[in-house]
Amino acid sequence: MQESFLVFLTKISLYPTVIFTGLVMFVTLYWVVSLIGLADMDSVDLGDAGGDVDVSDLSSTGFFTGLMLKFGLYGVPLIIILSLISLIGWVLSYLYTSFLHQYFDSGLLYYVFGTGALIFVLVISMWLTGLIISPIRKNIANIPKRNAASNIGKIATVRTLSVTNQHGEAELHDGGAGLILKIRSDAQDNLLKQGDKVVLVEYLGEANTYRVTPVKDN
């Protein structure tokens, strides 16, 4: 049992699997800190790219954005996309490394084939991730959007450790399961922290966030 575990550890530390091992560790850590309120989950923001942009022309949106569009990697939180790519890539590269290591222990050929496998596995992982999130993205798009303006004036509770003009989340109790909202604050002299009560004063549609101010004590 111990020997098998050591073999497993060796394989996940071999190139190119070690790259996906690192990615899996990163997204796992991100999920942990997100659950305890240290980070918020932002969606991939491609603007109108999902509609009017010709995804066959990567230069029209930039290479990275065009690549994301090409594989359908948008419309859901970025951390979900990274998690799927990392997990799929880790499994595929682990299988490849197990096979390759039987023939090459080291040397130039090992890294040449490994680099080729890394690119191939990454492309396959992105393609499979796009297929997986496609129905999720369509279902999200078909959900009637809540009138964000109706939340203006309501009181929410900060769930992240801090709130800045670039980061922050709050929980709004709406009588149901509750809503997790992205919030922003420009206040520098009265920094908000986890557990503080805030008033939603403005909805920033382009960023899908709310500008907030602290609830003043009477």
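In the block above lies the structure referred to throughout.
Residues numbered from 1 in each chain as written. Predicted model: local features only at pLDDT ≥ 70, side-chain atom pairs only at ≥ 80, totals over all residues. Heavy atoms only, no water.

(A) Expanded view of the pattern of salt bridges. Tallying each qualifying case throughout the model produces three salt bridges. Note that Lys193 is salt-bridged to Asp196, the shortest N-O span being 3.5 Å. Notably, a salt bridge pairs Glu202 with Arg211, separated by 2.8 Å at the nearest N-O pair. Judged by relative accessible area, Glu202 falls into the partly exposed class, the value being 32%. (Salt bridge = Lys/Arg side-chain N within 4 Å of Asp/Glu carboxyl O. Buried < 20%, exposed > 50% of the residue type's maximum accessible area, 1.4 Å probe, protein only.)

(B) Structural detail: the sheet that holds strand S3 (residues 169-172). Ordered by their spatial adjacency, five strands build a closed barrel running S1-S3-S4-S7-S6, and the pairing between neighbours is mixed. Averaged over all pairs of adjacent strands, the angle between their axes in this sheet comes to 55 degrees, without regard to strand direction. Inspection of the sheet shows strand S4 (residues 179-184) paired to strand S7 (residues 209-214) by two bridges, in the parallel sense. Residue Arg184 lies in a different strand from S7, and its bridge partner there is Arg211. (Pairing = 2+ DSSP bridges. Helix = DSSP H or I, 4+ residues; strand = E, 2+ residues; numbered from the N terminus. Axes fitted to C-alpha atoms, helices over the stretch in contact; angles between N-to-C directions.)

(C) Geometry of the environment of Leu161. Along the chain, Leu161 falls in the loop between strand S1 (155-158) and strand S2 (162-163). Between the C-alpha atoms of Leu161 and Gly195, which are 34 residues apart in sequence, the distance is 8.5 Å.

(D) How the structure looks around the pairing of S1. Pairing of S1 with strand S6 (residues 197-204) involves three bridges; the strand directions are antiparallel. Looking at S6, one finds that Thr157 is bridged to Lys197.

(E) Spotlight on the nonpolar core. Ile183, Leu200, Tyr210 and Val212 are the most contacted members of the largest nonpolar core, which totals 14 residues. Taken together, the elements giving at least two residues each to this core come down to S1, S3, S4, S6 and S7. Broken down by element, this core gets its largest block of residues, three residues, from S4. Not counting the four nearest positions on each side in its chain, Leu200 is found in contact with Asn151, Ile152, Gly153, Lys154, Ala156, Leu172, Leu181, Ile183, Tyr210, Arg211 and Val212. The next biggest cluster of nonpolar side chains, apart from the first, holds 10 residues, and it includes Phe20, Tyr94, Leu100 and Tyr110. (Core = buried A, V, L, I, M, F, W, Y, C linked by side-chain atoms within 4.5 Å. Contact = heavy atoms within 4.5 Å.)

(F) Broad picture of the pairing of S3. Pairing between S1 and S3: two bridges, direction antiparallel. Each residue of the ladder has a partner; that of Val158, found in S3, is Ala170. The sheet contact formed by S3 and S4 spans four bridges and is antiparallel. Within S4, the residue paired with Glu171 across the bridge is Ile180.

(G) A look at the packing of aromatic side chains. Under the criterion given, the structure shown has five aromatic pairs. Centre to centre, the rings of Tyr15 and Tyr111 are 5.5 Å apart; their planes meet at 40 degrees, and the pair counts as tilted. You can see Tyr15 sitting in the loop between helix H1 (2-12) and helix H2 (17-35) and its partner Tyr111 sitting in helix H5 (residues 108-142), a full 96 residues away along the chain. Here Phe26 and Tyr30 contribute two aromatic rings whose centre-to-centre distance is 6.5 Å and whose plane-to-plane angle is 45 degrees, an arrangement assigned as tilted. Highlighted residues: Phe26 and Tyr30, both in helix H2, separated by four residues, approximately one helical turn. (Phe/Tyr/Trp six-rings, centres within 6.5 Å; stacked < 30°, edge-to-face > 60°.)

(H) Expanded view of the environment of Ser134. On the secondary structure map, Ser134 appears in helix H5. Between the C-alpha atom of Ser134 and that of Tyr74, which follows or precedes it by 60 residues, the distance is 8.9 Å.

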